[in-house]
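Inside the fold
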2 protein chains.
Amino acid sequence: MIEEITSTQNAKVKKWQHLTTKKGHQKYHQYLVEGWHIVGDAITAEQPVVQIIATAEQLNLHQHQFPENVETFEITDEIAKKLSDTVTPQGIFAVLDILAAEHVDPETATGAWLLLDRIQDPGNIGTMVRTADAAGFRGVVFGNGTSSQYTPKVVRAMQGSQFHIQITHGNLEEWVSALEARKIPVYGSALNAEAKDYSTVTPQSEFGLILGNEGQGMSEKLMTQTTTNLYIPIKGQAESLNVAVAAGILMFKLNQNLA
Amino acid sequence: MIEEITSTQNAKVKKWQHLTTKKGHQKYHQYLVEGWHIVGDAITAEQPVVQIIATAEQLNLHQHQFPENVETFEITDEIAKKLSDTVTPQGIFAVLDILAAEHVDPETATGAWLLLDRIQDPGNIGTMVRTADAAGFRGVVFGNGTSSQYTPKVVRAMQGSQFHIQITHGNLEEWVSALEARKIPVYGSALNAEAKDYSTVTPQSEFGLILGNEGQGMSEKLMTQTTTNLYIPIKGQAESLNVAVAAGILMFKLNQNLA
């Protein structure tokens, strides 16, 4: 049974729109994802998909891959436009439950971890999660002051990588202390040449890597706590790199001994 | 003499807004840039700054650094909001002339060049220009089908790097042929493991590097024309990297012998 919805004023449409905002996430403990790439990934990864919302065209294409008994809605192109964060919506969405944030204990965490210190831009955050996945990292720690992981721009930039690696929230100072107590190095990232040239580091199979705020960089407190701070030598006249690009360069240098 | 403008309906305000669109660029051969970082960079680089538009606060801060005789306007916060592409505008803008695209001849071009094949996302394009600058590249070639370099999101992401390195437009097939005829290698970027692992390449001081469209990658024609195609091994479950991140990883691997 597929319920057909044709009015943009329908109460369900309004709720789905609400699920693209932080207030909606807090109220319903659910969020909206968009596009078959992510909806399909969520199904494959056995995520808590509560509802699937699609145009007739998208239903034709993908309905045979939906989980059994998932509540399904057929919507018009006009409604798809209302729900979409993009100019040319694909026409397929899903509502997912927000699970209680996975607790990861830094005293037992293994592998490589990316730690985000007050990163603000949703595109940067999402891209960094996607890159951490591609680089073979075990997970990403959203430090206090890093934006939400459920807003549409973050979700789109993650491209489903949130279903592949661990995402957790935590106090970065505690993470650094706990990792270093276990002799696992934590690398900071810095713009000054007093830090160590990243290309000279010998990569290991377990470490932490911290990237900091777009304007201000890492907090000074964290900077003094790290094992080593790395910098990427700039050859031209640019003052700095975009933080997601810097993260990519560092992760793909440090990942040589990851599985 | 500073002209004060207080109405958002003023004809000048409407023209400035027009200078953030492709139509406006075509009509006036001018574009609008935003923020002191870029305005100041444009002045330092002796770019054709035609007008500077700022709130009283920004005039206090920066007016002593303006070029002599530049036409200057004081605007309200409300007008700044209208002109801005950001949620919290800084309150300073400049109108720059669009110069005839610098013609760079691939038969004599030296150094390293980034070639963009139908890149669509403005943030990606701008970030790649900024990264090319930071990596010590000589310039960036916007191939046919790559978005404009004058839209606000591209300009913001470039962070002034368009004033540091050469930006040109060109036919990429002609660029590849001309470079290869001079025994300068041109690297493509590919997602398949038949291509060569990028980390095994011995960098040179002159080369071309092509990055392709976000969804489709490089054109097949270009792919067969390149000297070598490179891939970045993916260790996790992500299908691919964001194109600007991939470009950053490749540029900072290949730039070791650049000045």
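Residues numbered from 1 in each chain as written. Chains lettered and ligands numbered in written order. Predicted model: local features only at pLDDT ≥ 70, side-chain atom pairs only at ≥ 80, totals over all residues. Heavy atoms only, no water.

Before going further, it helps to examine the interface of chain A and chain B. Facing 32 residues of chain A, the contacting portion of chain B comprises 31 residues. Between chain A and chain B, the buried area comes to about 2400 Å², and carbon and sulfur atoms account for 57% of it. Contact with chain B buries surface across chain A, with Arg130, Lys235 and Phe252 of chain A losing the most and accounting together for 26% of the total. Between chain A and chain B we count zero salt bridges in total. Put simply, chain A and chain B have 19 residue pairs in polar contact (both at pLDDT 80 or more) between them. At the level of secondary structure, the elements contributing two or more residues to the side of chain A that touches chain B comprise α6 (122-134) and α10 (243-254) of chain A. (Contact = heavy atoms within 4.5 Å. Buried area = accessible area lost by both parts, 1.4 Å probe. Salt bridge = Lys/Arg side-chain N within 4 Å of Asp/Glu carboxyl O. Polar contact = N/O pair within 3.5 Å; in protein donor to acceptor, adjacent residues only side chain to side chain. Helix = DSSP H or I, 4+ residues; strand = E, 2+ residues; numbered from the N terminus.)

All names here are of chain A. Burial along strand β9 (residues 186-189) is two-sided: Val186 and Gly188 facing one way and Tyr187 and Ser189 facing the other are all buried. The sheet contact formed by β9 and strand β11 (residues 207-212) spans two bridges and is parallel. In the sheet register, Val186 faces β11, and the bridge partner there is Gly208. Across three bridges, the pairing between β9 and strand β12 (residues 228-231) is parallel. Within β12, the position partnered with Gly188 by the bridge is Asn229. (Buried < 20%, exposed > 50% of the residue type's maximum accessible area, 1.4 Å probe, protein only. Pairing = 2+ DSSP bridges.)

In this structure, Asn69 of chain A takes a positive phi of about 70 degrees despite not being glycine. By the element assignment, Asn69 of chain A lies in the loop between α4 (56-62) and β4 (71-75). At Lys183 of chain B, a residue that is not glycine, the phi angle is positive and equals roughly 65 degrees. With respect to the helices, strands and loops of the structure, Lys183 of chain B is situated in the loop between α8 (172-181) and β9 (186-189).

Residue and element names in this part refer to chain B. Ordered in space as β8-β7-β6-β11-β9-β12-β10, the seven strands form an open sheet in which the pairing is parallel. Of all the strands in the sheet, the pair left with one neighbour each is β8 (166-170) and β10 (196-197). Sheet strands touched by α8: β6 (112-117), β7 (139-143), β8, β9 and β11 (207-212). Its angle to β6, the strand with the most contacts, is close to 150 degrees. (Axes fitted to C-alpha atoms, helices over the stretch in contact; angles between N-to-C directions.)

Attention now goes to the relation of the copies chain A and chain B. Overlaying chain A on chain B yields an RMSD of 0.0 Å, the required transformation being a rotation through 180 degrees with an accompanying axial translation of 0.0 Å. These values place the two chain copies in the arrangement generated by a two-fold rotation axis. Mapped onto chain B, 97% of the interface residues of chain A again fall at the interface, so both copies present the same surface. (Least-squares fit on C-alpha atoms with pLDDT ≥ 70 in both.)

All names here are of chain B. For helix α6 (residues 122-134), built from 13 residues, the straight-helix expectation of 18 Å at 1.5 Å per residue is met to within 8% by its first-to-last C-alpha distance of 19 Å. Most of α6 sits inside the fold, with 11 of its 13 residues counted as buried. Those residues of α6 not exposed but buried are Asn124, Ile125, Gly126, Thr127, Met128, Val129, Arg130, Thr131, Ala132, Asp133 and Ala134. Between a side-chain oxygen at the N-terminus of α6 and the backbone nitrogen of Gly123 the separation is 3.0 Å; the capping residue is Asp121. Of the residues flanking the end of α6, it is Gly136, one or two places downstream, whose phi is positive at about 85 degrees. (Expected span 1.5 Å × (residues − 1).)

This part covers the side chain of Thr8 of chain A. Residues and elements named next belong to chain A. Checked against the element boundaries, Thr8 lands in the loop between β1 (2-5) and α1 (11-18). For Thr8, a relative accessible area of 13% puts it in the buried group. Here the side chain of Thr8 touches Gln9 through a polar contact of 3.4 Å, side chain to side chain.

Moving on, we get to the packing of α6 of chain A against α10 of chain A. Residues and elements named next belong to chain A. In the contact formed by α6 and α10, the axes pass within 9 Å of each other and the chain directions differ by 10 degrees. The pairing of α6 with α10 is recorded here as roughly parallel in orientation. In this structure, α6 crosses over α10, and the sense of that crossing is right-handed. Packed against α6, whose contacting residues are Asn124, Thr127, Met128, Thr131, Ala132 and Ala134, the element α10 presents Val243, Ala244, Ala247, Gly248, Met251 and Phe252 at the interface. Residue composition of the contact of α6 with α10, by class: eight nonpolar, four polar and no charged. (Parallel < 35°, antiparallel > 145°, perpendicular 65-115°, else oblique. Left-handed = near helix turned anticlockwise from the far one by under 90°. Nonpolar A, V, L, I, M, F, W, Y, C, P; charged D, E, K, R; others polar.)

Further remarks concern the domain arrangement of chain A. All names here are of chain A. Domain annotation for chain A reports domain 1 (2-97) and domain 2 (112-257). One C-alpha centre belongs to domain 1, the other to domain 2, and the line joining them spans 31 Å. If you look at the interface, domain 1 gives 14 residues, while domain 2 gives 12 residues. Of the roughly 1200 Å² buried between domain 1 and domain 2, counting both surfaces, carbon and sulfur atoms make up 65%. The three residues of domain 1 that bury the most area against domain 2 are Tyr31, Ile38 and Asp85, which together make up 41% of that side's buried surface. Here domain 1 is connected to domain 2 by two salt bridges. In this structure, Asp85 engages Lys153 in a salt bridge whose closest nitrogen and oxygen atoms are separated by 3.5 Å. Across the domain 1-domain 2 interface, the total number found is four residue pairs in polar contact (both at pLDDT 80 or more). Listing elements by their share of the side of domain 1 that touches domain 2, those giving two or more residues are α2 (22-28), β2 (30-34) and α3 (36-44). With four residues, α3 is the largest single contributor of residues to the side of domain 1 that touches domain 2. In terms of residue class, the side of domain 1 that touches domain 2 is built from six nonpolar, five polar and three charged. (Domains from an automatic or database assignment.)

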